[in-house]
Amino acid sequence: MTRLQLNNAFFDGLDSSICDVNRAVSLPPGCYTDAGFFAFEKRAIFDREWLCVGREAWAKQPGDYFTSSHVREPIVVVRNRDGVLKAFSAVCQHRGALVAEGAGNARSFICPYHHWTYSLDGRLVTAPDMERACDFDTARVALPELKLEVWLGFVFVNFDPAAAPLGPRLVKVAAALAPFDLAHADEPSHAEISGPQWTQKFPWNWKVHFENSNDSYHANKLHKGLNDVMPTSLSEFPEMPADTAGYFRFNGTTEIDAGFNPLNKAILPIFRGLDEQDRRRVIFANVPPSFFIFTRADYVTYVILRAESAEEVWADRGYLVAPGAMQQPHFRERMAMTTANGAAVNQQDRSIDAAVQRGLRSRFAPRGRYSWQEGGQIALNRWLVDRYRAARSRAETP
Ligand code: FES
Ligand SMILES: [Fe+2]
């Protein structure tokens, strides 16, 4: 397994991963396997970037909460009494137990260990049997709050209190997705979908997973037969603004309202805002390091990626449909037909992710060349290298 030295040669060598796709090579294999490099990525990326944790609709009423984690930081998102969505570290400020796990509705967060109790604004309101503790003031204790922003109905948090807002740097991505009006799309519950598991932990680097979603090149090869309605020759990689926080690609389809099911046709109601051009292509949109989405005319798959370590990542996967779709006859059966194919594709992708991670650990792991259909990898490399280099300059600035 490669151990990376984060020296001049390493940072200079990244130039070859951000040039034109027809000249570029992939990142050094150690970027996917080395625990030291993951620690660097924590500082360069995860401590500073917006990280998706879920849907705003998961916490509609005051007291509704859900939990997540990124880079092993437990996070709770809650709608407070005033109806404002808030994000906190879920770590109790007494001895570190978690004040919330899973999801539910709470009047306050009572830590199960010694019953320190926090309001929905994160303030410590009671701490039993602490009257003898010197200089202890509950008013000075609170769950650390994280910045929170909602984008297209998805909740993002940021560990950096000075982080610039996300939305203004995703204008072009939001414009591409606008016809789907994702903020108001409906999300079937797990019970309404007999599809792949929603949350799973995988034994590979988060970028291996991200790059698979980024990859047009493999769709009619690895998934041959499953994805015939979306030939990779119809991939398009629109230019993005230099400071973009995300990017997307289009992939044309052979038919209008193409579907990834045995009929090759959309079988759920089409999103109302789509015009004919929208209905003849799919969008793969990416907001690194934690979020990607894949649209079709009748439903959208989203994935929240949550890096855990150099070689572990969690993925939460869900589906969005047009408002009212769930009330249509045979919705469950149609959704099952749709997700059955998605599960088969997903299985192929996850098997290949595992193989890639094994290969990247090898002494023979390449910095390989790209096809023109891998333009998405260049977009990701540019996003990463900007941040790797910025972290390095910050480290060098006294
Ligand atoms: S660890 Fe939470 S109350 Fe003690
Ligand atoms: Fe795939």
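First things first, this report covers the structure right here in the doc.

## So, the overall build of the protein chain
Each helix and strand in the protein chain was counted, giving seven helices and 17 strands. Relative to its length of 398 residues, the protein chain is compact, with a C-alpha radius of gyration of 22 Å against a globular reference of 21 Å. Dimensions of the protein chain along its principal axes, counting C-alpha atoms only, are 70 × 60 × 35 Å. In the protein chain, which comprises 398 residues, the share counted as buried stands at 54%. Considering only contacts within the protein chain whose residues lie at least 6 apart along the sequence, 67% involve residues at least 24 apart. Element-wise, carbon and sulfur atoms account for 52% of the exposed surface of the protein chain, whose accessible area totals about 17,700 Å². A distance of 3 Å separates the average location of the 45 positive side-chain charges in the protein chain from that of its 46 negative side-chain charges.

## Re the coordination of the iron ion (ligand 2)
Coordination sphere of the iron ion (ligand 2), protein contribution only: His218 (NE2), His223 (NE2), Asp349 (OD) and Asp349 (OD), at 2.1 to 2.4 Å. Coordination at the iron ion (ligand 2) is irregular: its four donor atoms span angles of 57 to 148° at the metal. Spacing between the donor residues of the iron ion (ligand 2) along their common chain follows H-x4-H-x125-D. Of the two residues, His218 and His223, both sit in the buried class.

## Here's the deal with the packing of helix α4 (residues 206-213) against helix α6 (residues 331-360)
Two numbers describe how α4 lies on α6: the axes approach to 10 Å, and their chain directions differ by 130°. Classified by the angle their axes make, α4 and α6 are oblique. Note on packing geometry: the crossing formed by α4 with α6 is right-handed. Of the residues in α6, those in contact with Val208, His209 and Asn212 of α4 are Asp349, Arg350, Ile352, Asp353, Val356, Gln357 and Leu360.

## Regarding the pattern of salt bridges
Enumeration according to the criterion identifies 16 salt bridges in this entry. Here Glu276 and Arg280 are joined by a salt bridge, their closest N and O atoms 3.1 Å apart. Note on Glu276: relative accessible area 47%, which makes it partly exposed. In this structure, Arg281 and Asp278 form a salt bridge, with 3.6 Å as the shortest nitrogen-oxygen distance. The class of Asp278 is buried, set by a relative accessible area of 11%. If you follow the salt bridges from partner to partner, you end up with Arg72, Lys201, Glu308 and Glu312 in one network.

## Digging into the side chain of Arg350
Mapping Arg350 onto the fold places it in helix α6. For Arg350, a relative accessible area of 10% translates into the label buried. Residues contacting Arg350, with those up to four places away along its chain left out, are Phe202, Trp204, His209 and Asn212.

## Structural notes on the pairing of strand β2 (residues 64-70)
Of all the seven residues making up β2, six are buried; the element is thus mostly covered by neighbouring parts of the structure. Where β2 and strand β5 (residues 103-105) come together, three bridges link them in antiparallel fashion. Residue Asp64 lies in a different strand from β5, and its bridge partner there is Asn105. Note: β2 against strand β3 (residues 73-79), six bridges, orientation antiparallel. What sits directly across from Ser68, in β3, is Ile75.

## Re the packing of α4 against helix α7 (residues 375-396)
Interaxial distance between α4 and α7 falls to 9 Å at its minimum, and their mutual angle equals 145°. Contacts between α4 and α7 pair Trp206, Lys207, Phe210 and Glu211 from the former with Gln377, Leu380, Leu384 and Tyr388 from the latter. The residue inventory of the contact of α4 with α7, partitioned by class, reads five nonpolar, one polar and two charged.

## So, the packing of aromatic side chains
If you walk through the whole model with that rule in mind, you get 24 aromatic pairs. Aromatic pair Trp58 and Phe66: ring centres 5.1 Å apart, planes at 80°, arrangement edge-to-face. Trp58 gets classed as partly exposed once you look at its relative accessible area, which sits at 32%. For Phe66, a relative accessible area of 4% gives the class buried. Aromatic pair Phe284 and Phe294: ring centres 4.4 Å apart, planes at 10°, arrangement stacked. Taken together, the positions of Phe284 in strand β14 (residues 281-287) and Phe294 in strand β15 (residues 291-295) put the pair ten residues apart, joining distant regions of the chain. The same class applies to Phe284 and to Phe294, which are both buried. Taken together, the ring pairs in this structure connect Phe10, Phe11, Phe37, Phe40 and Tyr388 into an aromatic cluster.

## Topic: the environment of Pro29
By secondary structure assignment, the location of Pro29 is in the loop between α1 (8-13) and α2 (35-46). Pro29 sits in the buried class, given a relative accessible area of 9%. A sequence separation of twelve residues divides Pro29 from Glu41, and the C-alpha atoms of the two residues are 14 Å apart.

## A few points about the sheet that holds strand β6 (residues 109-110)
Judged by pairing direction, the sheet is antiparallel, and its three strands sit side by side in the order β6-β7-β8 without closing on themselves. Both edges of this open sheet fall to β6 and β8 (124-126), since each of them pairs with a single strand only. Strand direction decides the pairing type here: strand β7 (residues 117-118) and β8, joined by two bridges, are antiparallel. Paired with Tyr118 across the two strands is Leu124, which belongs to β8.

How each quantity is defined
Residues numbered from 1 in each chain as written. Chains lettered and ligands numbered in written order. Predicted model: local features only at pLDDT ≥ 70, side-chain atom pairs only at ≥ 80, totals over all residues. Heavy atoms only, no water. Helix = DSSP H or I, 4+ residues; strand = E, 2+ residues; numbered from the N terminus. Rg over C-alpha atoms; globule rule 2.2 N^0.38 Å. Buried < 20%, exposed > 50% of the residue type's maximum accessible area, 1.4 Å probe, protein only. Contact = heavy atoms within 4.5 Å. Areas by Shrake-Rupley, 256 points an atom, 1.4 Å probe, with all protein chains shown as cover. Lys, Arg positive; Asp, Glu negative; His and termini not counted. Charge placed at Lys NZ, Arg CZ, Asp CG, Glu CD. Donors = N, O, S within 2.8 Å, 3.2 Å for Na, K, Ca; no water. Tetrahedral: all angles 85-135°; square planar, octahedral: opposite > 155°, others 65-115°. Axes fitted to C-alpha atoms, helices over the stretch in contact; angles between N-to-C directions. Parallel < 35°, antiparallel > 145°, perpendicular 65-115°, else oblique. Left-handed = near helix turned anticlockwise from the far one by under 90°. Salt bridge = Lys/Arg side-chain N within 4 Å of Asp/Glu carboxyl O. Pairing = 2+ DSSP bridges. Nonpolar A, V, L, I, M, F, W, Y, C, P; charged D, E, K, R; others polar. Phe/Tyr/Trp six-rings, centres within 6.5 Å; stacked < 30°, edge-to-face > 60°.

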